[in-house]
Amino acid sequence: MRIGIGYDSHRLVEGRKLILGGVDIPHEKGLLGHSDGDALCHAVTDALIGALGEGDIGKHFPDTDPQWKGVSSILLLKHIAERVKERGFEIAWIDSIIIAERPKIGPHIDSMKHALSAAGIPPACVSIKAKTNEGMGFAGRGEGIAVHAVCLLVQSSL
């Protein structure tokens, strides 16, 4: 059994789509990033990499590498989920918290869980919660979005 923790945050900027958990959420701003800026996928990816003891997302997908520019973060997550299987583990559970003042995230959670299945993570193995930061800090001022994620990996039964 392995446990990993992940965190990611990105600045909200005009001229970008807001993608979280592989879902395009209507909003006047999107997350700035080398890839699509999907902070939920990045936090979950980082949690999985941490549980494997293999560094962090920047080690595997550096923002200095042009091949990752604009890429869907679901693809990054899929790559690491496959690595989890290669190492003899299964994803038993992912718990995550999206911290954003706006837009309202709750109506999109089921779509996010479904979208993560494209990376090989069953929706029944994912918890996504949404919280505001009560007006405090960068997330509370609407300057960005932060995500925390924890994962549990178990030995594969194969």
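Bear in mind that the values here come from a model prediction, so they are computed numbers and not experimental data.

A.B. asks: I keep staring at the packing of aromatic side chains and nothing clicks. Help me out?
C.D. replies: Any aromatic ring pair is given by two values, namely how distant the centres are and how the planes are angled relative to each other. Using the criterion set out here, one finds one aromatic pair in the structure. Ring geometry for Phe61 and Trp68: centres 4.8 Å apart, planes at 90 degrees, overall edge-to-face. Each member of the pair, Phe61 as well as Trp68, is classed as buried.

A.B. asks: Whenever I open this one, the sheet that holds strand β4 (residues 30-31) confuses me. Can you help?
C.D. replies: The strands that make up a sheet are held in pairs by hydrogen bonds between backbone atoms, and each pair lies either parallel or antiparallel. In spatial order, the strands read β4-β1-β7-β5-β6; together these five strands make up an open sheet with mixed pairing. In this open sheet, the two edge strands, each paired with only one partner strand, are β4 and β6 (126-131). With six bridges connecting them, strand β5 (residues 89-99) and β6 associate as parallel partners. Across the sheet, Asp95 pairs through a bridge with Ser127, a residue of β6. The strands touched by helix α1 (residues 39-52) are β1 (2-13), β4, β5, β6 and β7 (144-155); relative to β1, the strand with the most contacts, the crossing angle is about 155 degrees. Sheet strands touched by helix α4 (residues 109-116): β5 and β6. Its angle to β6, the strand with the most contacts, is close to 145 degrees.

A.B. asks: Can you walk me through the side chain of Asp36 in this structure?
C.D. replies: Mapped onto the elements, Asp36 comes out in the loop between β4 and α1. For the buried Asp36, no salt bridge exists, and the shortest N-O distance to an oppositely charged side chain is 6.1 Å, to Arg16. In this structure Asp36 touches Arg16, Ile19, Leu31, His42, Gly70, Val71, Ser72 and Ser73, once residues within four positions along its chain are discounted.

A.B. asks: Sorry if this is basic, but what is going on with the layout of surface pockets here?
C.D. replies: Any empty space left between the atoms is revealed when a probe the size of a water molecule rolls over them. Estimates place the volume of the largest pocket at around 230 Å³. Looking at the largest pocket, it is lined by 13 residues, and the ones nearest its centre are His34, Ser35, His42, Phe61 and Asp63. Those elements that provide at least two residues to the lining of the largest pocket are β1 and α2 (57-60). Residue composition of the lining of the largest pocket, grouped by class: five nonpolar, six polar and two charged.

A.B. asks: Would you mind showing me how to read α1 here?
C.D. replies: Residues lying three or four places apart along an α-helix face the same way, a consequence of the helix completing one turn every 3.6 residues. Look at α1: 20 Å from first C-alpha to last across 14 residues, which is about the 20 Å you get at 1.5 Å a residue. Burial within α1 is extensive, with 13 of its 14 residues counted as buried. Where α1 begins, one side-chain oxygen reaches toward the backbone nitrogen of Leu40, 3.2 Å away; that side chain belongs to Asp38. At the C-terminal side of α1, Gly53 shows a positive phi close to 70 degrees.

Rules used in this analysis
Residue indices follow the written sequence of each chain, beginning from 1 at its first position. Side-chain atom pairs in this predicted model are given and counted only at pLDDT of 80 or more, local residue features only at pLDDT of at least 70, and totals for whole chains, interfaces and linings cover all residues. As a convention, hydrogens and water are excluded, and side-chain values are obtained from all of the structure's heavy atoms. Planes of paired rings set the category: under 30 degrees apart is stacked, over 60 is edge-to-face and the rest tilted, where pairs are Phe, Tyr or Trp rings (Trp by its six-membered ring) whose centres lie within 6.5 Å. Type-normalised accessible area, obtained with a 1.4 Å probe on protein chains alone, sets the label of each residue: buried when under 20%, exposed when over 50%, and partly exposed for intermediate values. In short, DSSP must find at least two bridges between two strands for them to pair. Secondary structure is summarised from DSSP: a helix means a run of H or I of at least four residues, a strand means a run of E of at least two, and numbering begins at the N terminus for each. In what follows, a contact means two residues having at least one pair of non-hydrogen atoms within 4.5 Å. For helices, the fitted axis covers only the stretch in contact; all axes are lines through C-alpha atoms, and the angles between them, taken along N-to-C directions, range from 0 to 180 degrees. Counted as positive: Lys and Arg. Counted as negative: Asp and Glu, with His and the chain ends omitted from the count. Salt bridges are identified by distance alone: a Lys or Arg side-chain nitrogen within 4 Å of an Asp or Glu carboxyl oxygen. Cavities and pockets were defined on a 1 Å grid built over protein atoms only: a cavity is a set of grid points that admits a 1.4 Å probe from which the probe cannot escape, a pocket is an open set flanked by protein on both sides within 12 Å along at least five of seven lines, and lining residues are those with an atom within 4 Å of any such point. Grid points are joined across faces, edges and corners, and a volume is the space filled by probe spheres set on the points. Put simply, Ala, Val, Leu, Ile, Met, Phe, Trp, Tyr, Cys and Pro go in the nonpolar bin, Asp, Glu, Lys and Arg in the charged bin, and everything else, Gly too, in the polar bin. How far a helix is expected to stretch is found by multiplying one less than its residue total by 1.5 Å. Nitrogen and oxygen atoms within 3.5 Å of one another constitute a polar contact, given that in protein one can donate a hydrogen and the other can accept it, and given that sequence-neighbouring residues count only through two side-chain atoms.

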